[in-house]
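Given next are the chains, with one letter for each unit.
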Amino acid sequence: MVGMTTMTTALPATTSSNLLAAAPACVCTGAADECRTLVETLCRSATAILDDVAADPSACAADGWEGQAADLFRERIAALAVRAADAAGLVAAARLTALDATTVTTVTMTATALAEAVP
Amino acid sequence: MTTQVQATISGGRQYSTADKAVYGTIVTLLDDQANSCQSAASAWGNAQLAIEYQRSRLSWCAAANGTGTLVVAGTSCAAVADPTGAAAVTTTHTVLDYGTLVAQCGDAAAALMAVADECEALSSRVARAFSLYEAAEALSRRLVDEIVQFAAVHSPLATFGVAGLCALGGLAYSLATGDGVNWTHALNATTWMQQGLLAGIGSLATGRSEWAGLLATGETNAGATWLAAGSSRVKNLLQGDELTVVEVEPATPLVGSATGVADALADLRRLGTARLADGDDSGVDYGTIAISRYVAADGTASWLVTIPGTDGQWDSPFGWEQNLELMSDDASVRTQADSYRMVVEAMRMAGIGADDSVVLVGHSQGGIVAAAIASDCGDEFTISHIVTAGSPIANHPVADSTWVTAIEMEDELVAALDGDDNPSGETWLTVRGTLVDGSTATASGAPVMTDPDDYEITHWLEYHIAAYADATSLGSPALAVHEQHFAESIAGDYDGTTYYQGRMSHVESGTTTEEE
């Protein structure tokens, strides 16, 4: 880009709208969309799996099994449900981050237009 | 190296079809969940790479730098030579916190993998506690054994060449992993073919055809009979055949009251290590066994005989050659083994009555002696239960009335010397231990009490003790029944332990002896 300068001032509110023209979406928007789609897909799948693990520890209760090892097994099954719920929380956090993208607008101007806009 | 041993259990109490279905369903459910979580964890790991790739595309974005942070938060202005001729161009950007997202994907992957590992560990515990894969494992081992045995008899050179190559591969692995020239790795690499090879050697020694070996068992025991015919003569010439058994008194008690198999194994190890230690002050030397007496409330006596393994001393009844005689398929050969004679003589000296319940606990040769006595001494003693550790006893004709709890390590070789898997039934239970790396977060075995710096042969008793500890921790009902039988077989109060030492010589000593 020839002669580009980066201004750190905000675009003046008085800038005439007829000076502006739309440009193709920036690559960063496409990248964010890709990430959001990917994470949402993974999140749906992982949440379903983890819900299965966390939902019904009694399916693994093994009621006929007695003794210290059996009790320890049932404790670990219960702890597994908690661990699965925690994992689901991490998955949801990643999804929130992916959805939490913000949109900003930049304006690139020719030197002439810039001079007009910023006296 | 953090060494742990993981155990599987075969034999013992047989579970009902309904029980197997219930526990099989749990195992299947947990396995499915483990697989799903593993796949999901893998996908989230890959997502990190995909997001990093998208992040790398931001270098083409005028509003972002390489880290995905906007140069100007909000609106920025740039003066450019615009080829379209427009005075100004607005561009919409999307700001995403890529760094956080990548980290969160990693956290999610790790959490999913942890859930998968726990599902797998729990599934493994149930499967091992209820021996759900016992039949499949036994069948696959039997198939491999028979195929290797067939090959060893049909093409001995080629088969032993393959074994040699496997051993070399193990040695190469040892060198590659920085363990130096460690022959235990070479031995470990041949674990899968050891029983078949030894059965093949037995067939070759006795002239059995490869086809006969496919259906038969006990080839190594027949081979041992053939070998012992010559080796016992040489042994008698070198070592003598006069057995002297005397009572000895240790400086400190080595064998105490046992309430379960684990106690008995710990005492067995204490006796075995004390008698072999150089310069130890236990007062017990090699070739020593212990006999403990228990008295029930009604005055009935029961006994626990603790028998260590081979010590290899020149005048000990627990030498190397005696193993061959003990392994024989001929009772008349087994009962002439010096170690067998010594233990039987000590049992007589201790005053064990014909109706007294006797439990024998032995390591290595001590376990073979136990199995031989349980096979051949039914008229003189009531052997209720034997516990063997690292002993090849699969083909010993142990009486049906005797319960057998056998502990073997997968790669120890010695337990494979019988060339066959142990019988499996209500009264015969086998715990098989496998070494696992205990340094991983998901390790779920029992630790070995003397953790070696290098990989060593697993025939040492501490490995069997760890295998039994892991088996116990599984909560197997089959093992619990054997534990209960063990405890009932020595019911009563502990009434002390007597120690007996055996020596071989060419000349009759005149002390208490057992002669041929």
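Residues numbered from 1 in each chain as written. Chains lettered and ligands numbered in written order. Predicted model: local features only at pLDDT ≥ 70, side-chain atom pairs only at ≥ 80, totals over all residues. Heavy atoms only, no water.

**Q** Even after reading the chapter, I still don't get helix α14 (residues 461-473) of chain B, so can you show me in this structure?
**A** Residues three or four positions apart in an α-helix share a direction because the helix packs 3.6 residues into each turn. Residues and elements named next belong to chain B. Taking 1.5 Å of rise per residue, 13 residues should cover 18 Å, and α14 covers 18 Å from first to last C-alpha, within 8% of that figure. Burial of α14 is extensive: 10 of the 13 residues sit out of reach of the surface. Listed as buried for α14 are L461, E462, Y463, H464, I465, A466, A467, Y468, D470 and A471. Two residues or fewer past α14, G475 is found with a positive phi of approximately 75°. (Helix = DSSP H or I, 4+ residues; strand = E, 2+ residues; numbered from the N terminus. Expected span 1.5 Å × (residues − 1). Buried < 20%, exposed > 50% of the residue type's maximum accessible area, 1.4 Å probe, protein only.)

**Q** Would you mind showing me how to read the nonpolar core here?
**A** Inside soluble globular proteins, nonpolar side chains tend to come together where they are buried. Residue and element names in this part refer to chain B. The biggest cluster of nonpolar side chains holds 88 residues, and the ones touching the most others in it are W44, L265 and V431. Apart from residues no more than four positions distant in its own chain, L265 is found in contact with V361, V387, A389, I407, L461, I465 and Y468. In terms of nonpolar packing, the next biggest core, distinct from the first, is built from 41 residues, M327, V344, A370 and I393 among them. (Core = buried A, V, L, I, M, F, W, Y, C linked by side-chain atoms within 4.5 Å. Contact = heavy atoms within 4.5 Å.)

**Q** I would appreciate a short explanation of the domain arrangement of chain B in the present structure.
**A** It is common to give the size of an interface as the accessible area lost on bringing the parts into contact. All names here are of chain B. Here the domain parsing of chain B yields domain 1 (1-76 + 89-131 + 240-516) and domain 2 (133-216). In this structure, domain 1 and domain 2 have C-alpha centres spaced 23 Å apart. Facing 22 residues of domain 1, the contacting portion of domain 2 comprises 16 residues. Of all residues in domain 1, the largest losses of buried area upon contact with domain 2 belong to L413, D421 and Y455, amounting jointly to 31% of the total for that side. Across the contact surface, domain 1 and domain 2 share one salt bridge. Close ionic contact of R141 with D421 constitutes a salt bridge, the shortest N to O distance being 2.8 Å. Where domain 1 meets domain 2, there are nine residue pairs in polar contact (both at pLDDT 80 or more). For the side of domain 1 that touches domain 2, the residue count by class is eight nonpolar, five polar and nine charged. (Domains from an automatic or database assignment. Buried area = accessible area lost by both parts, 1.4 Å probe. Salt bridge = Lys/Arg side-chain N within 4 Å of Asp/Glu carboxyl O. Polar contact = N/O pair within 3.5 Å; in protein donor to acceptor, adjacent residues only side chain to side chain. Nonpolar A, V, L, I, M, F, W, Y, C, P; charged D, E, K, R; others polar.)

**Q** So what exactly am I meant to see when it comes to the UniProt feature "domain: GPI inositol-deacylase PGAP1-like alpha/beta" (unreviewed entry) in chain B here?
**A** Taking the numbering used here, the UniProt-annotated feature "domain: GPI inositol-deacylase PGAP1-like alpha/beta" (unreviewed entry) corresponds to residues 353-400 of chain B. Annotated as residues 353-400 of chain B, this span is 25% helix and 31% strand, and its ends, taken at the C-alpha atoms, are 20 Å apart. (UniProt positions renumbered as here; feature names shortened; annotations may be inferred.)

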